[in-house]
Amino acid sequence: MSTEKHAASHWVIKFGFYAFLTAVVAGVIYGFSILFVPIVASVLLTFLLQPVVNYFETKGGNRLLVITGIYLAVALTVALLAAVVVPLLIRETQNFSANLPAYRTMMAEQLEKIRLALAARFPNADIPDLYTLVRDKATQYAKIDLSSVLSYASSAVSLLSLAVIVPIITFFLLADGHLVQKGLLRMVPNRYFEMFVLLFHKIVTALQKFIRGQLIDALAVGILTSIGLAIIGLPYFLVIGIIAGVGNLIPYLGPVIGFLPALFVMLVTPGWLTLGNVLLVIGVFAAVQFLEGTFVYPIAVGKSVDLHPLIVIIGITVGGQLGGVLGMLLAIPLISVCKVAIEVLYSNLKSYSII
């Protein structure tokens, strides 16, 4: 009887342990799901900054002091850029707000010209008032109520918390990430240790090259676009350049994302919507894409992402459907990780005669 009671108590303890373990794992997974975006952003930043930290550490620097120095250098750089760029952005924003009534009038005139041209070209078609259509749609999307205000406030708080959480997570990943890596590798059986070390190294290397290359590429596109549009005298060239640079992070869609605000500025700026000016703006974007594709991209990105264009397009489309803009940004690095993992695993598992 005592043996049965002993077995029953063991079963209760065993069940309680696994129930507790399941609850902990579920809690961790739920926490990771909430912090998915900050964690992904922190990991990407860690991959970007880790080579710099490792370099100075090999030169005899203390790892924590090196990381702190990098943070101070980044903060100083951001502050200097803000001191130069923010006044220009404020000036352009104030200029846009002051001229908004004139821009509305100009837009109405231009859209009416387009409507009349379409009506003359297609006399049997019912062409609606384009300005009224655009205005109604804009009013619909810009409608503000209590729920939308709370939503915007929540988004602002989320962005602020993201700006605080990401640097903290990144700091600890840079400081102790190598210890996490060693702990994970200790759990790998000796037979597969070499394969997992190679897999981890190739994935990290590919991501580091891709992130560095994409950031350099986007920065170059933003600067070249701003300079080109400033040369031809297009208003708000700095804002358009920033949008073009950020948009360039999404393959194949970057030029379109950058050209749309330029087209809007031409539409609302008196005297700008002419064939000659449109060709000038198209020429600037074409020249930027030529320089980027011929010189910047091969040097900055190179073969870090050796993917077929069709795979890139499908990945961006699926990523956009699943995660919006963030999904489009993360699609290519995730596909690259999967590609590298499949190549390494297939080669090594085949050598082990497992497959």
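Relevant structure appears above.
Here the residue numbers are simple positions, counted from 1 along each chain's written sequence. It should be noted that, the model being predicted, local features are given only for residues of pLDDT at least 70 and side-chain atom pairs only at 80 or more, the latter also being counted only at that level, while totals for whole chains, interfaces and linings use all residues. Values shown for side chains rest on all heavy atoms present in the structure; no hydrogens or waters enter the calculation.

Engineer: Would you take a moment to explain helix 3 (residues 63–98) for this structure?
Structural biologist: Residues spaced three or four apart along an α-helix face the same direction, because each turn holds 3.6 residues. Taking 1.5 Å as the rise per residue, helix 3 with 36 residues should run 52 Å; its terminal C-alpha atoms sit 51 Å apart, in good agreement. One axis is fitted to the seven residues ending at the residue and one to the seven starting there. The bend at that residue is the angle between these axes. Runs of E in the DSSP output that reach at least two residues are strands. Runs of H or I that reach at least four are helices, and both are numbered from the N terminus. Approximately 35 degrees is the largest bend angle found in helix 3, and it occurs at Ala-82. Three or more residues of helix 3 are buried, namely Arg-63, Val-66, Ile-67, Ile-70 and Glu-92. Here a polar contact means two N or O atoms within 3.5 Å. Within protein one must be a hydrogen donor candidate and the other an acceptor candidate, and residues neighboring in sequence count only if both atoms are side-chain atoms. Put simply, Asn-62 is the residue that caps the front of helix 3, since its side-chain oxygen is 3.0 Å from the backbone nitrogen of Leu-64. Here the expected length of a helix is defined as 1.5 Å per residue gap, with one fewer gap than residues. A 1.4 Å probe rolled over the protein chains alone gives each residue an accessible area, and that area as a share of the maximum for its type sets the label: buried under 20%, exposed over 50%, partly exposed in between.

Engineer: Can you help me understand the packing of helix 8 (residues 237–247) against helix 9 (residues 254–268) in this one?
Structural biologist: How two helices sit against one another is set out by the angle between their axes and by the gap between those axes. For the pair helix 8 and helix 9, interaxial distance at closest approach is 7 Å and the crossing angle is 160 degrees. On the basis of their axis angle, the class for helix 8 and helix 9 is roughly antiparallel. Where helix 8 crosses over helix 9, the handedness of that crossing is right-handed. The residues of helix 9 that touch helix 8, namely those facing Ile-240, Ile-243, Ala-244 and Gly-247, are Gly-254, Ile-257, Gly-258, Pro-261, Ala-262 and Val-265. Between N-to-C directions, angles span 0 to 180 degrees; the directions come from axes that are lines fitted to C-alpha atoms, helices contributing only their stretch in contact. Any angle that is under 35 degrees is reported as roughly parallel, and any over 145 degrees as roughly antiparallel; angles of 65 to 115 degrees are reported as roughly perpendicular and all others as oblique. Should the near helix be turned anticlockwise from the far one by less than a right angle, the crossing is left-handed, and should it be turned clockwise, the crossing is right-handed. Residues count as neighbours in contact if any of their non-hydrogen atoms are within 4.5 Å of one another.

Engineer: Got a minute to help me understand the packing of aromatic side chains in this structure?
Structural biologist: Here a ring pair, both rings aromatic, is described through the centre-centre distance and the interplanar angle of the planes. Only centres within 6.5 Å qualify two rings of Phe, Tyr or Trp (six-membered ring in Trp) as a pair; their planes then separate them into stacked at under 30 degrees, edge-to-face at over 60, and tilted for everything else. Per the stated rule, a full pass over the model turns up 4 aromatic pairs. For the ring pair Tyr-55 and Phe-56, a centre distance of 5.4 Å and an interplane angle of 80 degrees mean the geometry is edge-to-face. By relative accessible area, which is 46% here, Tyr-55 ends up partly exposed. Through successive ring pairs, a cluster of aromatic residues spans Tyr-71, Phe-171 and Phe-172.

Engineer: Hey, could you run me through the side chain of Ser-226 in this one?
Structural biologist: Summarising the element assignment, Ser-226 is placed in helix 7 (residues 190–232). Looking at Ser-226, the relative accessible area reads 10%, which means it is buried. Here Gly-222 takes part through its backbone oxygen, which lies 2.9 Å from a polar atom of the side chain of Ser-226. In contact with Ser-226, not counting residues within four places along its chain, are Phe-237, Leu-238, Gly-241 and Ile-242.

Engineer: I tried to follow a nonpolar patch on the surface on my own but got confused; where do I start?
Structural biologist: A cluster of nonpolar side chains, contributed by Tyr-18, Leu-21, Val-25 and Ile-29, occupies part of the molecular surface with about 370 Å² of accessible area. Secondary-structure assignment places Tyr-18 in helix 1 (residues 2–34). A patch consists of residues exposed above 30% relative accessible area that lack any salt bridge, with like charges linked at up to 9 Å and nonpolar side chains (Val, Leu, Ile, Met, Phe, Trp, Tyr) linked at up to 5 Å. For accessible areas, the Shrake-Rupley method is used with a probe of radius 1.4 Å. Any residue's cover is judged against the shown protein chains and nothing else. When a carboxyl oxygen of Asp or Glu lies within 4 Å of a side-chain nitrogen of Lys or Arg, that pair is called a salt bridge.

Engineer: Which parts of the structure should I look at to understand the environment of Ile-311?
Structural biologist: Here Ile-311 lies in helix 11 (residues 309–351). Classification of Ile-311 as partly exposed rests on a relative accessible area of 41%. Along the backbone, Ile-311 and Ile-332 are 21 residues apart, and their C-alpha atoms lie at a distance of 9.0 Å.

Engineer: Would you take a moment to explain the pattern of salt bridges for this structure?
Structural biologist: Proximity of charged atoms lets side chains of opposite charge pair with each other. Under the counting rule described, the total for this entry stands at 1 salt bridge. The shortest N-O distance in the salt bridge between Glu-57 and Arg-63 comes to 2.6 Å. Glu-57 sits in the partly exposed class, given a relative accessible area of 34%. Of the residues examined, Arg-63 reaches a relative accessible area of 10% and is grouped as buried.

Engineer: Honestly, the nonpolar core in this entry has me stumped. Any pointers?
Structural biologist: If you look at soluble globular proteins, the nonpolar side chains tend to sit buried side by side. Grouping buried Ala, Val, Leu, Ile, Met, Phe, Trp, Tyr and Cys residues that are joined through side-chain atoms within 4.5 Å yields what is termed a nonpolar core. Ranked by internal contacts, the top residues of the largest apolar core, which has 18 residues, are Ile-316 and Ile-332. Looking at this core, the elements with two or more residues in it are helix 2 (36–58), helix 7 and helix 11. Ranked by size, the runner-up nonpolar core spans 15 residues in total, among them Leu-234, Met-266, Val-281 and Val-288.

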